[in-house]
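The lines below spell out each chain.
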Amino acid sequence: MPHLTALRCIRCAKDLLPAAAPAYTCACGGNLLAQYDFDRVRRELSRAHLATDPDRTLWRYAPLLPVDRGTHAARLNVGWTPLLDAPALAAHLGLKQLQLKDETRHPSGSLKDRAGAIALAVAHARGETRVAGASTGNAASSLACLAARTGMKTTIFVPESAPPAKLAQILLFGATVIQVRGTYDQAFDLCLQACQEYGWYNRNTGFNPFTREGKKTVSFEIAEQRAFEVPDWVVVPVGDGNILSGVWKGFVDFKAAGLIDRLPKLLAAQASGSNAVTLALEGDGKLRPVSGTTIADSISVSLPRDGEAAVAAVRESKGAAVAVPDEEILAAMRLLARTEGVFAEPAAATAIACLSRAVEQGKIPKDASVVALITGSGLKDVVSAMKAAGTPHLIDPDLASLKRLIEQKEKR
Ligand SMILES: Cc1ncc(COP(=O)(O)O)c(C=O)c1O
Ligand SMILES: [Zn+2]
């Protein structure tokens, strides 16, 4: 049995009992935070338990998840992505210690598989037959991918601008794809209406309290892969702010379970054109809509749907926020690929661009231990990657042409 005890409203702090609670948000409009019985969690989840558990998926943390593993879950190989040392990139940024949590290795190529796995398990447990979700692309390709392995039907709402590779993934996995002539925010609202109208289970980020519960497992893994030594800073790309609030909740839950003894500081990494969380943190803490325009489509959000929890997380962690222009995001894609061999999509590379700025500005000290989340694969948006990558040398298929090219290059 899951050890979930309540869903607590982040706005009015009211506790809703899981059974009696609405499936989604509080009556006041606030998103909900899952609460656990930590006495029971501690009896089932300790360093000793983890050391002997052969399960290399996020289900190894089942006592801290809101739903039982269920029979279908064994088919979802999500979690336990590599934590890579990044010495060359660290040197380039002037940092002593940097690690990359490489979430590009997930089944659908992004961190969203963590949220998809948990949301789908909840939907199965509730006996739902169709799950719907709005997405800039990754949440949807994840949901469609994982659902394909369980037989659940999915309906996806994406903005018209979603990159072709993400659309190809979603379509190929067999989801019904509704491409909305409008923004992600409009797709999100239409999905809310559709779920009310047709009774589908709604996976919308933040609105569904369990997406955060999936995403928090990335922090459990970071802690465990570092032998329970918590890093000083964790850098998180932010659109809706749900990964960020999930990362924070992961460390907070692990500390409450007695598995770690301190918490990291969080750096919220945003694009200048989609910087609502950064502006809120620099100002009065209130979220106001921004234009939401950036090359980093996954974090292109006007009004972040888990923004309140994200702002609270950065403040509680005594962290910081940085927003960078698109040119710096493209430069970071190049730098990350060329120093560490990791191919990131623009939203993911935003973590590196913002980390660079934060070190320059003295927000993150050079001797800090830092983990950056590389949240999605560069193969998901090849058009943007080509903007960062440059062009190949085109020659005729003979040695003379090759020699001419090499001579020209040497002269330069
Ligand atoms: C690759 C990638 N990075 C970062 C994010 C930002 O996550 P959130 O919207 O929860 O802030 C997303 C969300 O779609 C994403 O797909
Ligand atoms: Zn409330």
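Computed from a predicted structure; not experimentally measured.

### Notes on the overall build of the protein chain
Then, number 1: Secondary structure assignment for the protein chain yields 17 helices and 13 strands.
Then, number 2: The C-alpha atoms of the protein chain give a radius of gyration of 21 Å, which matches the 22 Å a tight globule of 412 residues would have.
Then, number 3: Counting only C-alpha atoms, the protein chain reaches 75 × 45 × 45 Å along its principal axes.
Then, number 4: Relative to its full complement of 412 residues, the protein chain shows a buried share of 54%.
Then, number 5: Restricting the contact set of the protein chain to residue pairs at least 6 apart, pairs at least 24 apart contribute 70%.

### With respect to the pairing of strand S12 (residues 320-324)
Then, number 1: Burial within S12 is extensive, with five of its five residues counted as buried.
Then, number 2: Examined bridge by bridge, strand S11 (residues 265-271) and S12 share five bridges and lie parallel to one another. Bridge pairing in S12 links Ala268 to Ala321.

### Topic: the nonpolar core
Then, number 1: By size, the foremost hydrophobic cluster in this structure holds 126 residues, and its most contacted members are Val235, Val236, Leu267, Ala268, Ala351, Leu355 and Ala372.
Then, number 2: By residue number, the principal contributor to this core is helix H15 (residues 346-360), which donates ten residues.
Then, number 3: Not counting the four nearest positions on each side in its chain, Leu267 is found in contact with Trp233, Val235, Val236, Gly319, Ala320, Val322, Cys354, Leu355, Ala358 and Ile364.

### Section: the sheet that holds strand S7 (residues 153-159)
Then, number 1: Strand order across the open sheet formed by four strands is S8-S7-S6-S9, with parallel pairing between neighbours. Edge positions in the sheet fall to strand S8 (176-180) and strand S9 (201-202), since each has one partner strand and no second.
Then, number 2: As defined by bridge partners, strand S6 (residues 130-134) adjoins S7 across five bridges and the pair is classed as parallel. If you follow Val131 over to S7, its bridge partner there is Thr154.
Then, number 3: The sheet strands contacting helix H8 (residues 184-198) are S6, S7, S8 and S9, and the helix crosses S6 at an angle near 155°.

### So, the confidence of the model for the protein chain
Then, number 1: Confidence in the prediction for the protein chain averages 95 pLDDT; 98% of positions are at 70 or higher.
Then, number 2: Of all secondary-structure elements in the protein chain, the lowest mean pLDDT belongs to helix H3 (residues 70-73), at 68, while strand S10 (residues 233-237) reaches the highest, 99.

### Considering the packing of helix H10 (residues 217-225) against helix H11 (residues 242-256)
Then, number 1: Across the interface, H10 lies against H11 with an axial gap of 7 Å and an inter-helix angle of 55°. Our classification of the angle between H10 and H11 gives oblique. Considering only the axes of H10 and H11, their crossing is right-handed. Contacts from Thr217, Val218, Ser219, Phe220 and Ala223 in H10 reach Val247, Gly250, Phe251 and Phe254 in H11.

### Some points on the sheet that holds S10
Then, number 1: Across the sheet, six strands lie side by side as S4-S5-S13-S10-S11-S12; this open sheet has mixed pairing. For this open sheet the edge positions go to strand S4 (83-85) and S12, each flanked by a neighbour on one side alone. Here the average twist between neighbouring strands, direction ignored, is 25°.
Then, number 2: Pairing analysis gives three bridges linking S10 to strand S13 (residues 369-374), with the strands arranged parallel. Each residue of the ladder has a partner; that of Val235, found in S13, is Ala372.

### A few points about the environment of Thr154
Then, number 1: Structurally, Thr154 is set in strand S7.
Then, number 2: Placed 225 residues apart in sequence, Thr154 and Leu379 show a C-alpha to C-alpha distance of 23 Å.
Then, number 3: Excluding residues that lie within four positions of it along the chain, Thr154 makes contacts with Val131, Leu143, Ala144, Ala147 and Ala175.

### A word on the site of ligand 1
Then, number 1: Around ligand 1 lies a shell of 21 residues, among which Gly239, Asp240, Asn242, Thr375 and Gly376 are the nearest.
Then, number 2: Secondary-structure elements contributing two or more residues to the shell around ligand 1 are helix H6 (138-148), H11 and H15.
Then, number 3: Of all the elements, H11 adds the most residues to the shell around ligand 1, at three residues.
Then, number 4: When grouped by side-chain class, the residues that make up the shell around ligand 1 number eight nonpolar, ten polar and three charged.

### Observations regarding H10
Then, number 1: Counting buried positions over the nine residues of H10 gives seven, a clear majority of the element.
Then, number 2: At its buried positions, H10 is contacted by S4, strand S5 (97-102), helix H5 (112-125), helix H9 (209-215), H11 and S13.

Each value, and the rule that gives it
Residues numbered from 1 in each chain as written. Chains lettered and ligands numbered in written order. Predicted model: local features only at pLDDT ≥ 70, side-chain atom pairs only at ≥ 80, totals over all residues. Helix = DSSP H or I, 4+ residues; strand = E, 2+ residues; numbered from the N terminus. Rg over C-alpha atoms; globule rule 2.2 N^0.38 Å. Buried ≥ 20, exposed ≤ 12 C-beta atoms within 10 Å, placed from the backbone. Contact = placed C-beta atoms within 7 Å. Pairing = 2+ DSSP bridges. Core = buried A, V, L, I, M, F, W, Y, C linked by C-beta atoms within 7 Å. Axes fitted to C-alpha atoms, helices over the stretch in contact; angles between N-to-C directions. pLDDT = per-residue confidence, 0-100. Parallel < 35°, antiparallel > 145°, perpendicular 65-115°, else oblique. Left-handed = near helix turned anticlockwise from the far one by under 90°. Near = placed C-beta within 6 Å. Nonpolar A, V, L, I, M, F, W, Y, C, P; charged D, E, K, R; others polar.

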